Amino acid sequence: MARVHGRKGRLYAGISGTGSDAEEVAYLKGWEISFETDDVDVTAFGDVNKVTLAGLPDSSGTFDGFYDDASAQLYTAATDGGARRFYLYPTTPTTAGPYWFGTATFDFTVAAAVDDAVKVSGGFAATSAVSKVG
């Protein structure tokens, strides 16, 4: 696989309700997904260095962009507490991939300033396994 420029990245999410189909979140300029695993310290007397065991993996992420007054964006997702389907595409969306998908709960922030565009940001936390396709 070749290197990929992020300019065609996309976030799709169930915006309007828990059972809603995932749709593109408009006017985003960035997203990030993280896969981290808990480490459990099992260091015992006599060990020559720290010893750890891998715990459960976690998936979470963030997004940011510009406010769209014609869409619910992720406000409903952030306020009703329901898990939503989401898809993250690093480049133009295709069914062949690459993309990540799963379900998550979302947070949503809107910020305005006298000298700037109205911006949105937020995060998500996995409520199911998150898988990579392609």
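Since the model is a prediction, treat every value here as computed from it, not as a measurement.

(A) Local environment of the pairing of strand S7 (residues 119–126). Taken together, the seven bridges between strand S4 (residues 52–66) and S7 define a ladder with antiparallel strand orientation. Residue pairing for S7: phenylalanine 66 is matched across the bridge by lysine 119. Taken together, the eight bridges between strand S6 (residues 99–111) and S7 define a ladder with antiparallel strand orientation. Residue pairing in the sheet places alanine 111 in a bridge with lysine 119 of S7.

(B) Summary view of the side chain of serine 59. One can find serine 59 in strand S4. A residue is classified by how much of its surface remains accessible, and serine 59, at 10% relative accessible area, is buried. With residues up to four places along the chain from it excluded, the contact list for serine 59 reads Ser34, Phe35, Ala125, Ala126 and Val130.

(C) Quick peek at the nonpolar core. The biggest cluster of nonpolar side chains holds 17 residues, and the ones touching the most others in it are Leu11, Ile33, Leu74, Phe86, Leu88, Phe106 and Phe124. For this core, the secondary-structure elements that each account for two or more residues are strand S1 (10–14), strand S5 (84–89), S6 and S7. The greatest single-element share of this core, amounting to four residues, is contributed by S6.

Scoring rules and cut-offs
Residues numbered from 1 in each chain as written. Predicted model: local features only at pLDDT ≥ 70, side-chain atom pairs only at ≥ 80, totals over all residues. Heavy atoms only, no water. Pairing = 2+ DSSP bridges. Helix = DSSP H or I, 4+ residues; strand = E, 2+ residues; numbered from the N terminus. Buried < 20%, exposed > 50% of the residue type's maximum accessible area, 1.4 Å probe, protein only. Contact = heavy atoms within 4.5 Å. Core = buried A, V, L, I, M, F, W, Y, C linked by side-chain atoms within 4.5 Å.

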